[in-house]
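Survey of secondary and tertiary structure
So the chains spell out like this:
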Amino acid sequence: MGVLLLYGLVAIAPTLLFWLLLRLPRLIRYARQRFFPRPAPPAHPPVQVLAADLRRVHRLLAAYGPGTPAARRTGTRQAYDALLTEACAVLEVPHRLDALAEGMDRELERLRVEEALRTAGLAIP
């Protein structure tokens, strides 16, 4: 009886050991997620990155000549408005860019938002 038990232990122990070894990474991953949660990523990029992107897209808009396709101008202007909106959210500047349609009112709001962001300390042209 004792020899049979010893034989069973010798036969099953390596299999059980390797099975546990294969499950070890999953157990470690679970323990890390459970006991050491990662902090949530920031909702917005850093202000320096936003300012650099705003300056870059503003330069693109200013550099477009008369032969530039309307789709390219519109897309770049929409990207610029999205960056202005994100900068307003980061610096808590009120804006109405998302409520206005394309036209003179939106252009004026864009100028007002640019000036408000400059007043808040964001260096854009």
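As shown above, the structure is provided for reference.
Residues numbered from 1 in each chain as written. Predicted model: local features only at pLDDT ≥ 70, side-chain atom pairs only at ≥ 80, totals over all residues. Heavy atoms only, no water.

Here helix α2 (residues 47-63) crosses helix α3 (residues 70-91) at 155°, and the two axes come no closer than 10 Å. Relative to α3, the element α2 is oriented roughly antiparallel. Taken as a pair, α2 and α3 cross one another with a handedness that is left-handed. Facing Val47, Leu50, Asp53, Leu54, Val57, His58, Leu60 and Leu61 of α2, the residues of α3 in contact are Arg73, Thr76, Arg77, Tyr80, Leu83, Leu84, Glu86, Ala87 and Val90. By residue class, the composition of the contact of α2 with α3 is 11 nonpolar, 2 polar and 4 charged. (Axes fitted to C-alpha atoms, helices over the stretch in contact; angles between N-to-C directions. Helix = DSSP H or I, 4+ residues; strand = E, 2+ residues; numbered from the N terminus. Parallel < 35°, antiparallel > 145°, perpendicular 65-115°, else oblique. Left-handed = near helix turned anticlockwise from the far one by under 90°. Contact = heavy atoms within 4.5 Å. Nonpolar A, V, L, I, M, F, W, Y, C, P; charged D, E, K, R; others polar.)

Bringing the side chain of Glu109 into the picture now. Structurally, the position occupied by Glu109 is in helix α4 (residues 104-119). When residues no more than four places from it in sequence are discounted, the contact partners of Glu109 are His95, Arg96, Leu97 and Leu100.

A separate point is the environment of Leu83. With respect to the helices and strands, the residue Leu83 is situated in helix α3. Using a relative accessible area of 13% as the deciding quantity, one classes Leu83 as buried. Measuring from C-alpha to C-alpha, the distance between Leu83 and Leu50 comes to 6.9 Å, with 33 residues separating the pair along the chain. (Buried < 20%, exposed > 50% of the residue type's maximum accessible area, 1.4 Å probe, protein only.)

What follows covers α4. Note: α-helices contain 3.6 residues per turn, so residues at a spacing of three or four share the same orientation. Spanning 16 residues, α4 covers 23 Å between terminal C-alpha atoms, matching the ideal 22 Å at 1.5 Å per step. Those residues of α4 that sit buried are Arg106, Glu109, Arg110, Val113, Glu114, Ala116 and Leu117. Angular distribution of buried residues about the axis of α4 spans 165°; they occupy a single face of the element. When the buried face of α4 is taken as reference, the exposed residues oriented beyond 90 degrees from it are Met104, Leu108, Leu111 and Thr119. Where the residues of α4 are buried, they touch α2 and α3. (Expected span 1.5 Å × (residues − 1). Arc of directions from axis to C-beta.)

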